[in-house]
Amino acid sequence: MDESQVAQIVEKQVLTVAKAVEDKIDEEIAALDRLDLDDLEALRERRLQQMKKMAEKRSKWVSLGHGEYTEIGEKEFFAAVKASERVVCHFYRENWPCKVMDKHLAILAKQHMETRFLKVHAEKSPFLTEKLRIVVLPTLALVKNAKVDDYVVGFDELGGSDGFSTEVLEERLARAKVIFLEGEGSRPANTSTAKRSVRQSDANSSDSD
């Protein structure tokens, strides 16, 4: 086979591919052409309704305290978990490990509007800590639909020291489905902030009562 024959075969193949691509584009254009004004208006109206629904949901979340990391008392706990579908509650005491957890949760509260982030002073809430069997501090109670569904106890699941990143905690909460990494309510984190450790001392273990 000489070079001219090879060139003809290659040219034929290129034209075949080009024709297939052109046909595909023509089909897509035809599909768009078949959409009349009523169809386009229906799509627009559907999108507007979705946006309105999300705005109403966000407004409700804000009114319930979502978007902030808030301390509450023992008596407020049950009303708070009934009002919000998803709650992360940090049981803490005044120690270094709990301060580390505080810093990460304050970041996540702003990034995940879909979930309410709370903290309760364990030593001032004896009834609640006993009822929920809180022993090691810090402990996160992960609440869904007014029921404690899971716990994060100390730092064992977060690498075993206070040097874990916000991203590690975020992924643990996402596995429990108490926050969403994408979609409704969540907001992309600043990568440098999310991965930055808040380790500030040599303390490297959680505290136990």
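This text follows the structure it describes.
Residues numbered from 1 in each chain as written. Predicted model: local features only at pLDDT ≥ 70, side-chain atom pairs only at ≥ 80, totals over all residues. Heavy atoms only, no water.

Trainee: Help me out: how do you make sense of the packing of aromatic side chains in this one?
Mentor: Two measures describe an aromatic ring pair: the distance that separates the ring centres and the angle between the ring planes. On inspection of all chains with the given rule, the structure shows three aromatic pairs. For the ring pair Phe77 and Phe91, a centre distance of 6.2 Å and an interplane angle of 55 degrees mean the geometry is tilted. On the criterion of sequence distance, the pair formed by Phe77 in helix H3 (residues 77-83) and Phe91 in strand S2 (residues 86-92) is long-range, its members being 14 residues apart. The exposure class assigned to Phe77 is buried, which follows from its relative accessible area of 3%. Above the plane of the ring of Tyr92 lies Lys119, whose end atom (NZ or CZ) is 4.3 Å from the centre. (Phe/Tyr/Trp six-rings, centres within 6.5 Å; stacked < 30°, edge-to-face > 60°. Helix = DSSP H or I, 4+ residues; strand = E, 2+ residues; numbered from the N terminus. Buried < 20%, exposed > 50% of the residue type's maximum accessible area, 1.4 Å probe, protein only. Lys NZ or Arg CZ within 6 Å of the ring centre and 35° of its normal.)

Trainee: Any chance you could explain the nonpolar core here in plain terms?
Mentor: In a soluble, globular protein the nonpolar side chains are often hidden away together inside. Of all hydrophobic cores here, the largest spans 20 residues; its most connected members are Phe117, Leu140, Leu169 and Leu173. A per-element tally of this core places helix H4 (residues 96-111) first, with five residues. In contact with Phe117, not counting residues within four places along its chain, are Glu68, Tyr69, Thr70, Val88, Leu105, Leu108, Ala109, His112, Leu173 and Ile179. Of all hydrophobic cores here, the second largest spans 18 residues; its members include Ile72, Tyr92, Ile134 and Val143. (Core = buried A, V, L, I, M, F, W, Y, C linked by side-chain atoms within 4.5 Å. Contact = heavy atoms within 4.5 Å.)

Trainee: Explanation requested: the sheet that holds strand S6 (residues 147-153) in the structure shown.
Mentor: The strands making up a sheet are joined through hydrogen bonds of the backbone, oriented either antiparallel or parallel. Strand order in the open sheet formed by five strands is S1-S3-S2-S5-S6, with mixed pairing between adjacent strands. Each edge of the open sheet is held by one strand with a lone partner, namely strand S1 (69-71) and S6. Averaged over neighbouring strand pairs, the angle between their axes works out to 25 degrees when direction is ignored. In this structure, S2 lies alongside strand S5 (residues 139-144), joined through six bridges in antiparallel fashion. Among the inter-strand pairings, Val87 is bridged to a residue of S5, identified as Val143. Here helix H6 (residues 166-175) sits on the sheet in contact with S2, strand S3 (116-121), S5 and S6, set at roughly 35 degrees to S5. (Pairing = 2+ DSSP bridges. Axes fitted to C-alpha atoms, helices over the stretch in contact; angles between N-to-C directions.)

Trainee: Before we go on, may I ask you to explain the pairing of S5 in this structure?
Mentor: Two faces, one strand: in a regular strand the side chains alternate between the faces of the sheet. Burial within S5 is extensive, with five of its six residues counted as buried. Here S5 pairs with S6 via six bridges, running antiparallel. The residue bridging Thr139 from the neighbouring strand is Val153, located in S6. Two successive antiparallel strands, S5 and S6, enclose a turn made up of two residues, where Asn145 displays a positive phi of approximately 55 degrees.

Trainee: What exactly am I supposed to notice about the packing of H4 against H6 here?
Mentor: Packed helices, taken two at a time, are described by the angle between their axes plus the distance between the axes. Direction vectors running N to C along H4 and H6 enclose 65 degrees, while the axes themselves pass 10 Å from each other. When you trace H4 past H6, the crossing you get is right-handed. Here H4 contributes Met101, His104, Leu105, Ile107, Leu108 and Gln111 to the contact with H6, which in turn contributes Thr166, Leu169, Glu170 and Leu173. Taken together, the residues of the contact of H4 with H6 sort by class into six nonpolar, three polar and one charged. (Left-handed = near helix turned anticlockwise from the far one by under 90°. Nonpolar A, V, L, I, M, F, W, Y, C, P; charged D, E, K, R; others polar.)

Trainee: What is the right way to look at unusual backbone geometry in this model?
Mentor: Negative phi characterises most residues that are not glycine, and trans characterises most peptide bonds. Leu137 connects to Pro138 through a cis peptide bond whose omega is 5 degrees. In this fold, Pro138 is placed in the loop between strand S4 (136-137) and S5. Of note in this structure, Ala146 is not a glycine but carries a positive phi near 70 degrees. Mapped onto the secondary structure, Ala146 falls in the loop between S5 and S6. Relative accessible area serves as the criterion here: at 39%, Ala146 is assigned to the partly exposed category.

Trainee: Got a minute to help me understand helix H2 (residues 37-63) in this structure?
Mentor: Since the α-helix packs 3.6 residues into each turn, any two residues three or four apart lie on the same face. Taking 1.5 Å per residue, 27 residues should reach 39 Å; H2 reaches 39 Å between its end C-alpha atoms and fits that length. Where H2 ends, the next residue or the one after it, Gly65, has phi of about 100 degrees, a positive value. (Expected span 1.5 Å × (residues − 1).)

Trainee: What should I look at first to understand the side chain of Thr129 in this one?
Mentor: Position of Thr129 relative to the elements: it lies in helix H5 (residues 126-131). Using a relative accessible area of 11% as the deciding quantity, one classes Thr129 as buried. The residues touching Thr129, leaving out its near neighbours within four places in the chain, are Phe91, Ala122 and Ile134.

The quantities given are spatial measurements derived from coordinates; they are silent on function.
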